[in-house]
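Given next are the chains, with one letter for each unit.
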Amino acid sequence: MKAVKDDLKDLPQTQLDTRAAKAKPVKMGWSTEEVERITAALNDLLANYSVHYQKLRNYHWNVKGPDFFDLHEQFELQYTESLQHIDDIAERIRIFSKTPVSTLQEYLEMSEIKETASNLSSELMVRELITDYTVLLNYMFTVVEVASEQHDAGTEEMVKKFINTIEKHHWMLSAFLAK
Ligand SMILES: [Fe+2]
């Protein structure tokens, strides 16, 4: 035991040479153009997801009628989950040292998913959300495609998990509408 401790004293403090030790941290292995492509796709997804999130809150608050209890709760489950996905997407963009779109103004301008009024029937709310999922899935597929082309396994893995959950919501709300 003592011999091991003595050996540790001989270990260098860093594996880097002096110049490398003083330089900025080594960037992850993607070129500027590659990072631009990945983060642009992530930002498009982020903007759409953020508008979708606010729609879920709108519908959670304003749903009425015999489906109130089911949908009020289901919308809350979904917006809580969306919030986590949105945070993961924005932080993934920061991992690449880029800026996630962060203002409501940018979200509304960039998003293909559009806001609606608050006084919709419960059926129309569900139809709106099913349409949102289809749009979100398309943006997610684009992110996965771009990430996989750049060998960005981290982004790919993250968004594939989102795809699983959105596909499940798509099924559940479609089943809700089935007569
Ligand atoms: Fe609530």
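Parameters at a glance
- Numbers given for residues are sequential positions, taken from 1 along each chain in its written order.
- Where totals are concerned, whole chains, interfaces and linings use all residues; where local detail is concerned, this predicted model gives features only for residues with pLDDT of at least 70, and gives and counts side-chain atom pairs only at 80 or more.
- Numbered from the N terminus, helices here are DSSP runs of H or I no shorter than four residues, and strands are runs of E no shorter than two.
- Comment: burial labels come from other C-beta atoms within 10 Å of the residue's own C-beta, placed from the backbone, where a count of 20 or more is buried, 12 or fewer is exposed, and between is partly exposed.
- For every residue pair, C-beta atoms are placed from the backbone, and the pair is scored as a contact if these atoms sit within 7 Å.
- Convention adopted: a line fitted to C-alpha atoms gives each axis, helices being fitted over their contacting stretch, and angles between N-to-C directions are expressed from 0 to 180 degrees.
- Roughly parallel means an angle under 35 degrees; roughly antiparallel means over 145; roughly perpendicular covers 65 to 115; every other angle is labelled oblique.
- Left-handed is the label given to a crossing in which the near helix is rotated counterclockwise from the far helix by less than a right angle, and right-handed is the label when the rotation is clockwise.

Enquirer: Before we move on, can you summarise the environment of Leu173 with the specific residues and values?
Expert: Topologically, Leu173 is positioned in helix α7 (residues 153-177). Judged by the 20 C-beta atoms lying within 10 Å of it, Leu173 falls in the buried class. Along the sequence, Leu173 and Glu123 sit 50 residues apart, while their C-alpha atoms lie 9.7 Å from each other. With residues up to four places along the chain from it excluded, the contact list for Leu173 reads Val126, Leu129 and Ile130.

Enquirer: How would you explain the packing of helix α3 (residues 32-62) against helix α4 (residues 68-95) if you had to name every residue and give the values?
Expert: Relative orientation of the contacting elements α3 and α4 amounts to 160 degrees, with a least axis distance of 9 Å. As summarised for this structure, α3 and α4 are arranged roughly antiparallel, according to the angle between their axes. Crossing of α3 against α4: the hand is left-handed.

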